[in-house]
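Topology and contacts: notes
The chain contents come next:
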Amino acid sequence: MPTPSPAVCDYEGSTYRKDFWEGKGRDYEDAVERIALRRLLPTAGQRYVDFGGGFGRLVDEAARYDQVVLMDYSRSMLQDAQTRLGQSDRMIYVAADVYHLPFADNAFDVGIMCRVIHHLRDAPAALRQIRASMTPDATFLLEFANKQNFKAIVRYLLRLQTWSPYSHEPIEFVELNFDFHPAYIQAALKAAGFEPQRRLAVSSLRLGLLKRLLPLGLMVALDRVIQPTGGVLPISPSIFVENKTSGSRTPVAPLEALFKCPSCGAAPLRRERDVMLCPTHGHRWAIHNGIYDFKEPLTS
Ligand SMILES: [Zn+2]
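Once a new chain begins, its residue numbering starts again from 1 and follows that chain's sequence as written. Local features are withheld for residues below a pLDDT of 70 in this predicted model, meaning they are given only at 70 or higher, and side-chain atom pairs are given and counted only at 80 or more; totals for whole chains, interfaces and linings count all residues. The side-chain values count all of the structure's non-hydrogen atoms but skip hydrogen atoms and water molecules.

1. Points about the overall build of the protein chain
The condition is simple: Going along the chain from the N terminus, every DSSP run of H or I of four or more residues is numbered as a helix, and every run of E of two or more is numbered as a strand. Throughout, radius of gyration means the C-alpha value; the globule benchmark is 2.2 Å times the number of residues raised to the power 0.38. Should any heavy atoms of two residues lie within 4.5 Å, those residues are counted as being in contact. Residue burial considers only the protein chains on display, and all accessible areas are found by Shrake-Rupley using a 1.4 Å probe.
The number of helices and strands found in the protein chain is 8 helices and 13 strands. The C-alpha atoms of the protein chain give a radius of gyration of 19 Å, which matches the 19 Å a tight globule of 300 residues would have. Considered along the principal axes of its C-alpha atoms, the protein chain spans approximately 60 × 40 × 35 Å. Of all intrachain contacts in the protein chain linking residues separated by at least 6 positions in sequence, the fraction that spans at least 24 positions is 67%. In the structure as shown, the protein chain presents an accessible area of about 13700 Å², 55% of it carried by carbon and sulfur atoms.

See the structure below:
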């Protein structure tokens, strides 16, 4: 039996795209996250994955890669993505739990996880799962919410906040919403087998007052200048870390060998019409409307 997953922040059926992003004053965050990705992503790659990619907000940043996997826990957000982006051999949609990923060894040579880890109670476990699916010499970009941010430091110094932004343990400020210390994330990445590289400070101007006073173009331009300071002074609310895996470049697993059984780890899964079959224990996983569904096995 697989180990149970910690509680997952479930966006199933949520209107996250419309209620959080579109016309909600987050053009600044969206623009500066894209700048960070463009700075850190490799110029070419074979198979790219967005872990917790939701409705596919950032998928157009993956245009230069041969194949793109959009993975999320929410089937409804993947459906939304598929409706807008279409289905092809290049675009693959996968519903799965980040603590039991269905991807075989060497599945990906490029991956990102953006605005996801702040919902994870066991971030180190998720990072280990991700690492296991990456090739040698792969790139993995992680965005996390930084507890040691400027606003938290000021609030702490003014005694408006009890928890210290300098202590390394994660702070759960709302249920299933965590801010992490950069040193904690760095250690978790290393423990999972990644080699952290560049670090960018992102969304430093995320303050309602600045958003009202400054034009968007100026905010984005300033953020672009501030981003490289993340290596030495990581006090922005959001941080992007570039990670490499060791070893020399190998081809990614072929599409037929992309998946392993998330229950028992057996690989590769065999496809029979709209079912993926586990070769060892006969676990069966559905493909619904072209979306691979590894959230729970079929029972009949
Ligand atoms: Zn199995």
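2. Here we look at the pairing of strand β2 (residues 65-72)
Looking along a regular strand, one sees the side chains alternate between the two faces of the sheet. The line we're drawing: Note on exposure labels: buried denotes an accessible area under 20% of the residue type's maximum, exposed denotes more than 50%, and partly exposed covers the range between, all computed with a 1.4 Å probe on protein chains only. By the convention used here, strands pair only if DSSP detects at least 2 bridges between them. When the strands point away from the viewer, a crossover counts as right-handed if the route from the first strand across the helix to the second turns clockwise.
Here β2 lies mainly inside the structure; 7 of its 8 residues are buried. Here 6 bridges tie strand β1 (residues 45-51) to β2, and the two strands are oriented parallel to one another. From the neighbouring strand, V49 faces β2, where its bridge partner is V69. Alignment of β2 against strand β3 (residues 91-95), held across 5 bridges, turns out to be parallel. When the bridges of β3 are listed, V68 appears paired with M91. Crossover connection from β2 via helix α3 (residues 75-85) to parallel β3: handedness right-handed.

3. Concerning the sheet that holds strand β4 (residues 108-113)
The condition that has to hold: Axes here mean lines fitted to C-alpha atoms, for a helix over just the part in contact, with angles spanning 0 to 180 degrees between N-to-C directions.
Judged by pairing direction, the sheet is mixed, and its 11 strands sit side by side in the order β8-β9-β5-β4-β1-β2-β3-β13-β12-β11-β10 without closing on themselves. The open sheet terminates on both sides in strands that have one partner only, identified here as β8 (195-202) and β10 (270-272). On average, each strand axis in the sheet is inclined to that of its neighbour by 20°, with strand direction left out of account. As paired strands, strand β5 (residues 134-145) and strand β9 (residues 238-244) are joined by 7 bridges and run antiparallel to one another. Bridging from a neighbouring strand, L142 pairs with V241 of β9.

4. Quick word on the coordination of the zinc ion
Tetrahedral coordination by four donors places them ideally at 109.5 degrees to one another around the metal; octahedral coordination by six donors ideally gives 90 or 180 degrees. Cut-off, in case you're wondering: Any N, O or S atom lying within 2.8 Å of the metal counts as a donor, with the limit raised to 3.2 Å for Na, K and Ca; because water is left out of the atom set, some sites can appear incomplete. Just to be clear on the cut-offs, tetrahedral is four donors with all angles between 85 and 135 degrees, square planar is four donors and octahedral six with opposite donors over 155 degrees apart and all others between 65 and 115, and anything else goes down as irregular.
Donor atoms from the polypeptide that bind the zinc ion are C261 (SG), C264 (SG), C278 (SG) and H283 (ND1), placed at 2.1 to 2.3 Å. Each of the 4 donor atoms bound to the zinc ion contributes to angles spanning 98 to 122°, and the resulting shape is tetrahedral. In the primary sequence, the donor residues of the zinc ion line up as C-x2-C-x13-C-x4-H. One end of the pair, C261, is in the loop between β9 and β10; the other, C278, is in the loop between β11 (275-277) and β12 (284-288), and 17 residues separate them in sequence. Each of the two residues, C261 as well as C278, counts as buried.

5. Thoughts on the nonpolar core
Worth spelling out the cut-off: The term nonpolar core refers to a set of buried residues drawn from Ala, Val, Leu, Ile, Met, Phe, Trp, Tyr and Cys, joined through side-chain atoms within 4.5 Å. The split into domains, and so the bounds of each, comes from an automatic or database assignment of domains.
Core analysis: the biggest nonpolar cluster contains 48 residues, and F51, V94, F103, I117 and F140 have the highest contact counts within it. Split by domain, the residues of this core number at least three in each of domain 1 (16-251) and domain 2 (259-300). For I117, the contacting residues outside a window of four places in its chain are A123, L127, L142, E143, F144, F180 and I185. If you look at the next biggest cluster of nonpolar residues, it comprises 30 residues, including V32, A36, Y48 and Y65.

6. Things to note about the domain arrangement of the protein chain
When the parts of a complex come together, some accessible area is lost, and that lost area is often taken as the interface size. As a reminder, the rule being used: The working definition used for a salt bridge is a side-chain nitrogen of Lys or Arg within 4 Å of a carboxyl oxygen of Asp or Glu. All residues other than Ala, Val, Leu, Ile, Met, Phe, Trp, Tyr, Cys, Pro, Asp, Glu, Lys and Arg, Gly among them, are scored as polar; the first ten of these are nonpolar and the last four charged.
As assigned here, the protein chain comprises domain 1 (16-251) and domain 2 (259-300). A separation of 28 Å is found between the C-alpha centroids of domain 1 and domain 2. Each partner contributes residues to the interface: domain 1 has 16 residues there, and domain 2 has 12 residues. For the pair domain 1 and domain 2, the number of links is 2 salt bridges. The closest approach of N and O atoms between R75 and E296, which form a salt bridge, is 3.5 Å. Breaking the side of domain 1 that touches domain 2 down by element, the ones donating at least two residues are α3 and β3. Here the side of domain 1 that touches domain 2 is composed, by residue class, of 11 nonpolar, 4 polar and 1 charged.

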